[in-house]
Amino acid sequence: MSRRSNIPLLGTPLALLALAGSGSAAAACKTAGLDLPPHFCATVFAKNARQPRHIAVAANGTVYANLNRGDGKHDLMALTDSNGDGVADKRQLFGRGGATGLVIHDGWLYAASADSVRRYKLGEAAVPSGDGELIVTDLPEQDAHSARGLAVDDSDHLYVSIGAPSNACQEDDRKPGSPGQDPCPLLKTHGGIWRFVADKPNQKFTPQARYATGIRNMFALTWDAPSGRLIGAQMGRDQLASLWPKIFSTEQSVNLPAEVLLNVKQGSDFGWPYCYYDGEARLRRLNPEYGGDGQKVGRCAKYKDAPMTAYPAHWAPMAVVFYHAKMFPKAYRGGAFIAFHGSWDRSPEPQQGFRVIYQPFDGGQPTASYQTFAGPTGFTGEKIVRSPGSAAHRPAGLAVGPKGALYVSDDQGSTIYRITYRHN
């Protein structure tokens with residue numbers, strides 16, 4: 001499969017910016033071990049941060065993290081930098097959450113767990129008081145892909161992603177040769193986005209609240225206010241070769257399917273589990289569980305909601321945030337940063353991902369090229385990664401601070417980075 005370059009083409013604004021970065025100012029800029037473009041600086045904002053995943057930054061600069069490893073009573077962390085040196089000097093655990101799903105809206109911090117969404121009123125104190133207010137309850141129980149993505153739009157709609165606890169809705173999940181269930185019963189309560197009212201307590205999850213469907217698993221979800229769009233990055237299916245060795249080679253399985261960036265609208269159907277996206281051909285193909293042979297399109301031709309763009313297979317997008325602040329150069333404004341966590345399904349080839357990219361937009365659409373903004377060497381170290389667990393760091397969450405700094409969480413190394421730009 002052909003790939004978009006992770007280095008911008010010469011002549012593009014991003015490339016020219018990078019070429020202009022040699023000199024003493026760039027050399028003096030500390031990067032906290034990250035490989036960044038010239039003139040970008042980084043500090044370790046927090047270490048030993050209990051495996052932070054999704055993060056959010058309040059208007060007063062307090063950083064909030066939804067933790068993969070709380071203390072048994074609390075799953076959220078508030079971190080403050082009281083002296084402005086780019087390093088958190090105060091931290092405190094509070095509230096209920098569960099790894100992913102964290103967003104600030106209208107003075108409230110919304111946090112997801114596997115079974116609910118709560119919100120906490122933000123005030124002068126960094127740490128909200130109390131146990132929060134239950135907004136959505138009874139989210140579906142599931143053993144796999146139970147982390148949630150959250151977003152809130154300008155009309156106070158709360159969007160919650162519900163991943164499918166399955167690879168391709170097989171009768172016997174992840175068993176070689178097992179056919180797919182048709183229709184897939186999981187789609188009633190999983191594999192999509194559900195919409196609720198952001199300020200209405202004690203809403204119960206119902207199938208009728210489904211906003212969009214056909215999305216296997218989407219932790220990376222955001223509302224881009226300037227464009228008025230709900231944007232997310234999907235993690236594609238796994239195991240094409242191991243489940244269907246007579247149809248797919250190992251090489252094909254390593255490079256299929258593409259991870260995709262989606263513009264999610266009400267009623268959108270992106271085709272899971274019946275289809276996967278072939279990034280080279282730029283079309284959906286029929287999954288082998290439903291009669292596909294690696295070439296057939298079949299029923300997938302009816303799905304009209306095309307991905308905005310595609311990325312290499314099994315990079316595992318975990319977070320997406322649009323950048324509209326003014327700290328970074330113009331070449332980095334109006335597009336999206338995406339954190340790729342790295343996956344396991346490129347075996348026996350080395351694993352990939354483990355980076356933050358910048359995806360430029362032009363006229364409301366992604367351009368053909370993206371830039372690797374941070375990583376992968378700064379996250380993985382100078383070694384070939386054969387399994388995700390061997391990477392020193394794995395990007396998991398993204399947030400933009402009130403002055404324009406980009407915060408990146410790393411759940412593998414329990415670290416939060418703060419990235420800024422030096423103009424001289």
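Residues numbered from 1 in each chain as written. Predicted model: local features only at pLDDT ≥ 70, side-chain atom pairs only at ≥ 80, totals over all residues. Heavy atoms only, no water.

Enquirer: It is not clear to me how the overall build of the protein should be interpreted in this structure. Could you clarify?
Expert: For the protein, the helix and strand inventory stands at 5 helices and 29 strands. Taken over C-alpha atoms, the radius of gyration comes to 21 Å for the protein, in line with the 22 Å a tight globule of 424 residues would show. C-alpha atoms of the protein, sized along the principal axes, occupy 60 × 55 × 40 Å. Counting all 424 residues of the protein, 58% fall into the buried class. Taking the contacts inside the protein whose residues are at least 6 apart along the sequence as the reference set, 57% of them involve residues at least 24 apart. Carbon together with sulfur atoms contributes 48% to the accessible area of the protein, which is approximately 17100 Å² in total. Side chains of the protein carry 45 positive and 38 negative charges; the gap between the two charge centres is 3 Å. (Helix = DSSP H or I, 4+ residues; strand = E, 2+ residues; numbered from the N terminus. Rg over C-alpha atoms; globule rule 2.2 N^0.38 Å. Buried < 20%, exposed > 50% of the residue type's maximum accessible area, 1.4 Å probe, protein only. Contact = heavy atoms within 4.5 Å. Areas by Shrake-Rupley, 256 points an atom, 1.4 Å probe, with all protein chains shown as cover. Lys, Arg positive; Asp, Glu negative; His and termini not counted. Charge placed at Lys NZ, Arg CZ, Asp CG, Glu CD.)

Enquirer: Would you mind showing me how to read the layout of surface pockets here?
Expert: Taken as a whole, the largest pocket encloses approximately 770 Å³ of empty space. Lining of the largest pocket is provided by 31 residues; of these, Val 103, Ile 104, Thr 222, Trp 223 and Val 321 occupy positions nearest its centre. Here the lining of the largest pocket is composed, by residue class, of 23 nonpolar, 5 polar and 3 charged. By volume, the second largest pocket amounts to about 310 Å³. Along the wall of the second largest pocket there are 16 residues; nearest its centre are Asn 60, Gly 61, Asp 81, Tyr 407 and Arg 418. Among the residues forming the lining of the second largest pocket, the class breakdown is 4 nonpolar, 9 polar and 3 charged. (1 Å grid on protein atoms, 1.4 Å probe; cavity = no way out; pocket = protein on both sides within 12 Å on 5 of 7 lines; lining within 4 Å. Points joined across faces, edges and corners; volume = space filled by probe spheres on them. Nonpolar A, V, L, I, M, F, W, Y, C, P; charged D, E, K, R; others polar.)

Enquirer: Would you mind going over the side chain of Gln 170 with me for this structure?
Expert: Structurally, the position occupied by Gln 170 is in the loop between strand 11 (157-162) and strand 12 (192-197). A distance of 2.9 Å separates a polar side-chain atom of Gln 170 from the backbone oxygen of Ser 178. Not counting chain neighbours up to four residues away, the residues in contact with Gln 170 comprise Lys 175, Ser 178, Pro 179, Gly 180, Gln 181, Leu 243, Trp 244 and Glu 289. (Polar contact = N/O pair within 3.5 Å; in protein donor to acceptor, adjacent residues only side chain to side chain.)

Enquirer: What should I look at first to understand the pairing of strand 22 (residues 336-340) in this one?
Expert: A regular strand places its side chains so that they alternate between the two faces of the sheet. Extensive coverage of strand 22 is indicated by the burial of 5 of its 5 residues. By the alternation rule, side chains of strand 22 split into Ala 336, Ile 338 and Phe 340 and Phe 337 and Ala 339, which are all buried. Two elements, strand 21 (residues 317-322) and strand 22, share 5 bridges in a ladder whose sense is antiparallel. What sits directly across from Pro 317, in strand 22, is Phe 340. Where strand 22 meets strand 23 (residues 355-359), 5 bridges bridge the pair, whose relative direction is antiparallel. (Pairing = 2+ DSSP bridges.)

Enquirer: Quick question: what am I supposed to make of the state of the cysteines here?
Expert: Think of a disulfide as a covalent bridge from one cysteine sulfur atom to another cysteine sulfur atom. Within this structure, the stated rule accounts for 3 disulfides. A sulfur-sulfur separation of 2.1 Å characterises the disulfide bridge that pairs Cys 169 with Cys 184. Here Cys 169 and Cys 184 share a disulfide; its torsion about the S-S bond, 95 degrees, makes the bridge right-handed. A residue pair is termed long-range when its members are at least 10 positions apart, and Cys 169 in the loop between strand 11 and strand 12 and Cys 184 in the loop between strand 11 and strand 12 qualify at 15 residues. (Disulfide = S-S within 2.5 Å.)

Enquirer: How should I be thinking about the packing of aromatic side chains in this particular structure?
Expert: For any two aromatic rings, the description comes down to two numbers: the centre-to-centre distance and the angle of the planes. Counted according to the given criterion, the structure contains 27 aromatic pairs. Summarising the aromatic geometry, the rings of Phe 40 and Phe 328 are spaced 4.9 Å apart at their centres and angled 90 degrees between planes, so their arrangement reads as edge-to-face. Of this pair, Phe 40 sits in strand 1 (residues 40-46) while Phe 328 sits in the loop between strand 21 and strand 22; the two residues are 288 residues apart in sequence, bridging distant segments of the chain. No difference in accessibility class separates Phe 40 from Phe 328, as the two residues are buried. Between Phe 337 and Tyr 358, the aromatic rings sit 4.9 Å apart at their centres with planes inclined by 55 degrees, giving tilted as the arrangement. Of the two residues, Phe 337 sits in strand 22 while Tyr 358 sits in strand 23, which places them 21 residues apart along the sequence. Assessed through its relative accessible area of 0%, Phe 337 is described here as buried. Positioned above the aromatic ring of Trp 108 is the side chain of Arg 119, whose terminal nitrogen or guanidinium carbon lies 3.6 Å from the ring centre. Its guanidinium or amino end placed over the ring of Tyr 274, Arg 299 lies 4.1 Å from that ring's centre, counting from NZ or CZ. (Phe/Tyr/Trp six-rings, centres within 6.5 Å; stacked < 30°, edge-to-face > 60°. Lys NZ or Arg CZ within 6 Å of the ring centre and 35° of its normal.)

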